[in-house]
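Structural features, examined
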Amino acid sequence: MGEHGTLVRVRTQPWLSVLDDTIAACITHHRTDLAGRLETRRSLLLEPKLRVPVIGELNQGKSQLVNALVNANVCAVGDDVTTITPTTVTHSQKPVAALVADVPTSGRRAIGPSNEPTRIPVPVDEVARRALVSTPDVHAEVGLPRELLAAGLVLIDTPALNSTGALRTASTFAALATADAVLMITDATGELCASELDLLKEVTSLCPVVTVVLTKIDIVPRWRKVAERNRARLAAAGLRVKVVPVSASVRLAAAQTGDKQLNEESGFGDLVRTLSQDVLKNGDAIARGATAVLAAQATKELIGPLTTALTEARTGEQGRAQTLYRAAQHRLDELRRRTTRWQTMLSDEVADLISDVEYDLRDRTRKIIRSADEFFDSADPAKTWDDFGEWLREALADTAEVNFAWLVERFQWVAEKIARQVALEEAIPEDVAAEGMLDHVGGLEPPRIEKFTIGQQVFVGLRGSYGGLLMFGLATTIAGMPLINPISLSAGAAFGAKSIWDERSGRLKRRQALAKQTAQRHVDDFFLSYGKASKDTARQVQRKLRDHFQAVVERLQSGIAEQATVAKRAAEAELAERRRRSQEIAAEVDRLAVLHKRIQALVAPAAPRELTA
Amino acid sequence: MTLADRAHAMLREALDLYRDSPRATNWLRHHVDRLAEPLRVAVAGQPEAGKSTLVNSLVGEEIAPLSVEGGRQILTWYRGGMNPRAQVYPVQAPPRDVPAARMGGRLHIDLEGWRSDQLDRVIVDWPARTLRGLTLIDTPGIDSSEVGSRISLDADAVLYLMRQPHSTDVGFLQSLQDHPIAREAPVNSIVVLSRADEVGGGRIDALTSAKQLARRYRTDVGLTGLCQNAIAVSGLLAHAGRTLTEEEMVSLGVLAQAPRRQLETAMVSADRFVGDGVPLRLDSRVRLALLERFGMFGIRLVTTLIRQGFTTVDALSAELVTRSGLAELRESIRQCFTDRHDVLKARSALLALEVVLRMEPRPAARRLVSALEALVVSAHDFRELRLLAALHGGRTTLPDPLADEARRLVGGVGTALPARLGFEREASGHELHDAVSDALRRWQEQAENHALGTGQRRAARVVVRSCEGMVAQLTRI
Ligand SMILES: Nc1nc2c(ncn2[C@@H]2O[C@H](COP(=O)(O)OP(=O)(O)OP(=O)(O)O)[C@@H](O)[C@H]2O)c(=O)[nH]1
Ligand SMILES: Nc1nc2c(ncn2[C@@H]2O[C@H](COP(=O)(O)OP(=O)(O)OP(=O)(O)O)[C@@H](O)[C@H]2O)c(=O)[nH]1
Ligand SMILES: [Mg+2]
Ligand SMILES: [Mg+2]
């Protein structure tokens, strides 16, 4: 065969650049495993050798076929399960053979002297027998000086597929993974069975150049019919595969006697021609086909996760920042809605409070006046006035204290109500309520004006709740209010001392009426002055509360608004990132799609070039 | 009460229990009838395994396969009968007769107008000795699992043909055991290493090699417990042998007398053998006919045999029947199937009963369910089958002379008393009695022998029970 058999593959072959781009893509996408596989295959494709595994089911004549092709008994042939480990037959100047222990492939592309396979040379005429008794992790390598092999052909005899002991098929599939072309062996004693057709479908998807070799035609009178039926079955299964009928026994017999005619009858002439035409002279197409299959597999594996990521980026769940932003906005709206309400609420409540407190005050003072009237119905003011003055002072002071306590209590309640209204779930921050208020606790000085004092107990209950705390903080305001002037009821001011005593008893009635008048006027004075002071206090507290809550709301609002702004910024950034990411993925997918098209163009070179761009 | 009687009684009981269910009643009645019918043996295997050819060779006439237009084969039952007769069973119509006749040792039948999907099966009645007490079922190749379940439903036993152990075959054999009772009464199948003459590509020692392969299959892990025996058979040679004609004998004689070298070159390939280029004094049409009848290996073998002196039809025929493995197969069919006719029948009946109890469970049937379980576990015939399978598959091993004797005593080489006791000739009642007493004593010792493992002692107890059965049988006589 000489020169024409040497395969020259130019570096600028389109398949090579496609393969390299695919490898690069695999590395870009952190799939070094895929890249590694492709690289291994790449180096095999660049070798001027064409690896052709000979596969098939049990006892179909695979080993005998290899022997017959190279005219040497290098593969074990037998009637039972025979081949348990692959035998690789390549070209060499002199016949050589060796048993090679396979390197475990668990480590990742580790290269080093320790990983060199161990190789035990054996005599060529013993290799078949030795392979028969070796372990499955050892394979045989045979070199023979043959024209066919010199052209680059590497034949690989493999263990049977679909037989009962499934363990050995691993090496067959490994050989298929790096196959440039495949010979599928089936004997003529029966038609292709279902499992063989399934196998062929799988193999053609892995390796485009497959030939079915129909063996043992020497013992089957109706082999032509079998070949015909097989072709029909292949066509029906959509498999474009050649069927070449042969007889290894006839070929070997012909070789022994050098009978050319018999050799032609054996069908091996056809088989060798098929091999050199479809395989040896077809190196570029094979490389293209193999690349197409491999690269398509790889790109498919790369595109898969990308498209999932893309759909997720486009339609997937909202990001966290987006969710936070929505929540902040919602809270801000809610706060605004509540703010408009609490102010009206405060004024309404305070108006109610003032009228209630005033009513209470009037009620109480009226009772005091009635008691005074009843007292002076019988008592002579001239004799009892001092005692009466004492009683009246006490009664009024009590009234002021009770009424005032009630006012404070009511305010506490109002403050709480407003606080509830203003407060959102997370409530007013602790410091808003406490700040600047607890300071007054120590220096709290209840007003001491005559008998009227705001009893400690008024304030004692104020510390438990928010409203209480608030009122406690306002204690100074309340305490500092001018309450009532001391009741200055001097007897002299009311009655002329001496003259009174000199009055006749008829004048007692007038004295009593005058005392009643004086007491009433005094109570009215108290009512007016205390009432005003109480109202003023209420207004003042109202103002303070308003200011307080205004501040609280403002602080809340600005807090939430700030949160919202931050969230908004984050959400916008997130959105931008998503957009950028999905654009990036889309671009990546596009790039891979372009690569995929180039890959497909390898096996359909008739397609117009523009399509690949 | 034999096992078959007990199975019969249970079916009757079930019929009473399920009298309100037409489906169950139908099914059970069918199986009551079936108990009285001859044993049904299905011939199964992948396409082109040689099933139809084997049926022909067993019957000794050309009756299989039956196919309709388009070449599709029909499931066919060959039943013994006084006269040739054929009934088609359409899928959706009552059975009807179709014309059938026997001409020159061949079945001629008119299936015109039928499509394979219209026909459930064809039942052929055929006068042949083999078919007395045995119905053979020729099945279309099992490419589909459908045929598999059909076979386990229809047949009492299976001849499973395979050319080499293929994953599909093992799957099929396993599916035959896919039934709780089938597992308890495991083996009802014989594996036939078919087309044995093609082993080794038709080398002259093909049949010897095939026999060795078959021997290996018997203990093959993949087939363990799935078959009772494995036998290499060349259906083609067997059939040719059984139907050898004087005319063929003459033609073969011509070949045998041709100079050796000429014959060798002529037999390099089938093409050469029937081609014009060979200097054989035989018409090419005759050569083609011979090739089709005998195959390449067959021609080689027969010419050699003739040269060795098998020059008469009878002598050659007998030699071919032996060499082809047919004789051995028939013997195995006798031992494994016909001799255990009752057990296999009962097995089918119990399988059928279990189906009803499972498909239509009802409280009233609970007693029957436990009775069925108890029977399957305790029936001594099933125990014998289980022990045989265990010994065969190597799950139970016995030290050397014991293993063979155990196999023999539990009926592994025939269930008749003399066969069990190792007599190859007629033996007197006295001799039999002595032999069984001796065996019983020795195996009772083994059953208590603590040098043996528990599994082995359990096996010994089964043998003891078999011996006791024989003693009872002898005293009854
Ligand atoms: N050499 C040889 N050929 C056989 C033997 N048995 C069958 N054949 C051939 O094998 C082919 C198929 O034989 P069949 O008997 O029809 O096989 P089958 O299993 O019934 O086939 P299907 O019913 O189609 O599944 C035919 O060409 C037979 O001549 C045998 O023992 N030796
Ligand atoms: N007549 C004839 N026999 C053949 C031919 N090819 C192989 N054989 C025989 O078929 C049998 C199986 O051959 P092998 O080559 O061992 O088959 P295999 O497919 O390698 O078998 P395993 O390795 O066991 O799967 C052997 O007995 C061979 O002699 C042929 O072309 N003609
Ligand atoms: Mg092999
Ligand atoms: Mg058939």
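Residues numbered from 1 in each chain as written. Chains lettered and ligands numbered in written order. Predicted model: local features only at pLDDT ≥ 70, side-chain atom pairs only at ≥ 80, totals over all residues. Heavy atoms only, no water.

**Regarding the site of ligand 2**
Residue and element names in this part refer to chain A.
- Neighbouring ligand 2 are 24 residues, the closest being Lys62, Thr82, Thr83, Ala248 and Ser249.
- Here an oxygen atom of ligand 2 and a backbone polar atom of Asn59 are 3.2 Å apart.
- At a separation of 2.7 Å, an oxygen atom of ligand 2 approaches a polar backbone atom of Thr82.
- Burial of ligand 2 by the protein chains amounts to 97% of its free accessible area of 640 Å².
- Residue contributions to the shell around ligand 2 peak at three residues, all from helix H3 (residues 62-70).
- Here the shell around ligand 2 is built from residues that sort into six nonpolar, 12 polar and six charged. (Near = heavy atom within 4 Å. Polar contact = N/O pair within 3.5 Å; in protein donor to acceptor, adjacent residues only side chain to side chain. Areas by Shrake-Rupley, 256 points an atom, 1.4 Å probe, with all protein chains shown as cover. Helix = DSSP H or I, 4+ residues; strand = E, 2+ residues; numbered from the N terminus. Nonpolar A, V, L, I, M, F, W, Y, C, P; charged D, E, K, R; others polar.)

**Details of the site of ligand 1**
All names here are of chain B.
- Looking at ligand 1, there are 16 residues lining it, with Lys51, Ser52, Thr53, Gln73 and Asp197 nearest.
- Note that a nitrogen atom of ligand 1 is positioned 3.2 Å from one of the side-chain N or O atoms of Glu198.
- Within the backbone of Leu236, an N or O atom sits 3.0 Å from an oxygen atom of ligand 1.
- When ligand 1 sits alone it has 640 Å² of accessible area, and the protein chains cover 81% of it.
- Of all the elements in the fold, those that place two or more residues in the shell around ligand 1 are helix H3 (51-59) and helix H8 (235-242).
- Per element, the largest residue contribution to the shell around ligand 1 is three residues, and it comes from H3.
- Of the residues in the shell around ligand 1, the class split is three nonpolar, seven polar and six charged.

**As for the coordination of the magnesium ion (ligand 3)**
All names here are of chain A.
- The magnesium ion (ligand 3) binds to the protein through Ser63 (OG) and Thr83 (OG1); the donor distances cover 1.9 to 2.0 Å. Taken together, the residues Ser63 in helix H3 and Thr83 in the loop between H3 and strand E2 (87-91) connect sequence positions 20 residues apart.
- Look at Ser63 and you get buried, because its relative accessible area is 6%.
- On the accessibility criterion, Thr83 (13% relative accessible area) is buried. (Donors = N, O, S within 2.8 Å, 3.2 Å for Na, K, Ca; no water. Buried < 20%, exposed > 50% of the residue type's maximum accessible area, 1.4 Å probe, protein only.)

**Looking at the domain arrangement of chain B**
- For chain B, the assigned domains are domain 1 (237-324) and domain 2 (396-476).
- Of note, the centres of domain 1 of chain B and domain 2 of chain B, computed from C-alpha atoms alone, are 47 Å apart. (Domains from an automatic or database assignment.)

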